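# Structural features, examined
For reference, the chains in residue letters:
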Amino acid sequence: MLHKADNSKALESTPAWLRSYIDSPEKQRQIYQRTLIIVVISQIFGGAGLAAGVTVGALLAQDMLGTDSFTGMPAALFTLGSAGAALLVGRLSQRFGRRFGLATGFLTGGIGAIGVVISAASNSILLLFASLLIYGAGTATNLQARYAGTDLANSTQRATAISIAMVSTTFGAVAGPNLVDVMGEFAISIGVPALSGPFILAAAAYILAGLVLLALLRPDPFIVAKAIADDMKKADDSKLLDRNSKAPAINKRGIVVGATVMVLTQIVMVAIMTMTPVHMGHHGHSLKEVGLVIGFHIGAMYLPSLVTGILVDKIGRTTMAIASGATLLAAGVLAAVAPADSMLVLIIALALLGLGWNFGLISGTALIVDATNPFTRAKTQGSVDVLIALAGASGGALSGMVVAHSSYTTLSLAGGILSLLLIPVVIWSRSNQNNG
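Here we summarise the structure given alongside this text. (Residues numbered from 1 in each chain as written. Predicted model: local features only at pLDDT ≥ 70, side-chain atom pairs only at ≥ 80, totals over all residues. Heavy atoms only, no water.)

In terms of regular secondary structure, the protein chain is built from 18 helices and zero strands. Here the protein chain holds 436 residues, and the buried ones make up 56% of them. Put simply, 85% of the contacts in the protein chain that link residues at least 6 apart link residues at least 24 apart. When the accessible surface of the protein chain is totalled, it reaches about 17,100 Å², and 68% of it is carbon and sulfur. (Helix = DSSP H or I, 4+ residues; strand = E, 2+ residues; numbered from the N terminus. Buried < 20%, exposed > 50% of the residue type's maximum accessible area, 1.4 Å probe, protein only. Contact = heavy atoms within 4.5 Å. Areas by Shrake-Rupley, 256 points an atom, 1.4 Å probe, with all protein chains shown as cover.)

So this is what it looks like as structure tokens:
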């Protein structure tokens with residue numbers, strides 16, 4: 001009787017608007033669809049903000065520092081900054097919902113981009129490095145937005161929901177690098193260095209993404225998902241049902257495997273991608289050609305997402321993780337053997353690099369969502385994204401040193417070989433499942 005009385009009080013304490021969503025599968029479906037639309041809009045802006053640092057970050061550092069040895073530092077700094085931001089956004093989302101967590105992350109990234117522009121105008125290296133750390137918040141938020149669509153998705157929709165969020169990033173992410181020249185001219189017209197132009201675009205894009213989420217992501221899908229899970233748990237407790245009917249337990253093995261897949265793909269992708277503009281610059285390619293190659297690369301990172309999401313849902317998470325390793329290996333080998341003056345081969349290599357990352361990120365993300373429940377999900381997702389960001393920071397920092405002391409060929413081959421570690425990880429996970 002005590003359980004029933006407690007449960008009745010809990011039901012009464014639930015706000016009426018929230019109770020209406022808990023009790024209506026149709027309303028839940030409507031929020032799911034509305035969330036996807038809002039995430040798509042915000043990710044278009046977020047993608048444009050993301051592309052600035054990827055395209056000209058290394059070139060800006062090279063110009064300001066006058067050396068190649070630290071050209072990997074911008075990627076390292078904004079990915080390191082994204083690590084701290086991923087933790088913060090995850091914690092904020094867990095406590096206050098996706099709307100507040102994601103909006104905070106994007107707006108912070110916009111402030112960082114403004115700082116980069118000011119540092120370039122004043123030629124301040126310290127301000128550049130500090131601003132790149134803050135700018136990394138946008139990168140982290142752009143990635144964490146992929147989780148928002150999964151909050152009210154069932155197990156057969158999750159990878160597809162992730163893919164919709166990611167594919168929408170493509171529009172901004174591909175446009176960004178191809179606006180390098182235009183934004184460079186605009187920057188010069190207002191009296192700041194040309195290479196700071198893309199960061200002007202990033203500032204506007206990230207701030208718009210944050211405002212879209214803040215204004216429109218209502219009701220918050222994560223708050224509704226938590227309320228539904230909490231309601232189910234209370235109902236199970238009151239009826240004294242068996243453990244199988246309660247909220248799903250956390251699968252720690254699934255979290256480890258999903259995190260490993262995403263960490264390895266991030267290291268390989270960031271390392272090779274970061275040094276490609278510098279490699280091209282050394283061989284006489286123009287900023288416009290660099291923007292074209294990186295545009296294809298970012299397009300391949302996000303545009304195939306809809307197909308990838310369907311494949312991950314249909315043929316399995318681990319199968320697509322293996323496909324990620326094989327694709328990254330092909331990208332590394334091709335980048336290593338590509339003639340320096342061949343735009344076509346570089347485009348293909350960087351496109352494969354983006355595709356391999358896409359396979360790994362969507363399959364790994366789906367593994368993480370499958371392995372968690374709403375009571376800890378956002379917090380766990382934020383922690384995993386910290387590892388991904390730190391992996392990217394390591395890849396970015398080491399890439400410049402490897403190229404400075406060896407070659408772009410060595411870096412590309414090393415990245416391709418490292419990606420093969422995905423295969424034993426997946427085999428290990430399957431063998432444990434079979435043993436279980």
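So, on to the packing of helix 6 (residues 125-148) against helix 16 (residues 377-405). Direction vectors running N to C along helix 6 and helix 16 enclose 145°, while the axes themselves pass 11 Å from each other. Of the two possible hands of crossing, helix 6 and helix 16 adopt the one that is right-handed. Mapping the contact onto sequence places L143, Q144, R146 and Y147 in helix 6 and Q381, G382, D385 and I388 in helix 16. When grouped by side-chain class, the residues that make up the contact of helix 6 with helix 16 number three nonpolar, three polar and two charged. (Axes fitted to C-alpha atoms, helices over the stretch in contact; angles between N-to-C directions. Left-handed = near helix turned anticlockwise from the far one by under 90°. Nonpolar A, V, L, I, M, F, W, Y, C, P; charged D, E, K, R; others polar.)

For the structure shown, the criterion picks out six aromatic pairs. Relative to F199, the ring of Y135 lies with its centre 5.3 Å away and its plane at 70°, an arrangement referred to as edge-to-face. With a gap of 64 residues between them, Y135 in helix 6 and F199 in helix 9 (residues 197-216) connect regions that are remote in the sequence. Here the aromatic cluster, defined as three or more aromatic residues joined through ring pairs, consists of F106, Y135, F199 and Y206. Stacked on the ring of Y21, the Lys or Arg K27 has its end atom at 5.2 Å from the ring centre. (Phe/Tyr/Trp six-rings, centres within 6.5 Å; stacked < 30°, edge-to-face > 60°. Lys NZ or Arg CZ within 6 Å of the ring centre and 35° of its normal.)

Another point: the pattern of salt bridges. Overall, the coordinates contain eight salt bridges when judged by the stated rule. Salt-bridge contacts for D231 lead to R19; the nearest nitrogen and oxygen are separated by 2.9 Å. You can see D231 sitting in helix 10 (residues 221-239) and its partner R19 sitting in helix 2 (residues 16-22), a full 212 residues away along the chain. Judged by its relative accessible area of 17%, D231 falls in the buried class. Of the charged contacts, one joins D370 and R317 as a salt bridge, the two residues approaching to 2.8 Å between their closest N and O atoms. (Salt bridge = Lys/Arg side-chain N within 4 Å of Asp/Glu carboxyl O.)

Any functional reading would require information that these geometric values do not contain.
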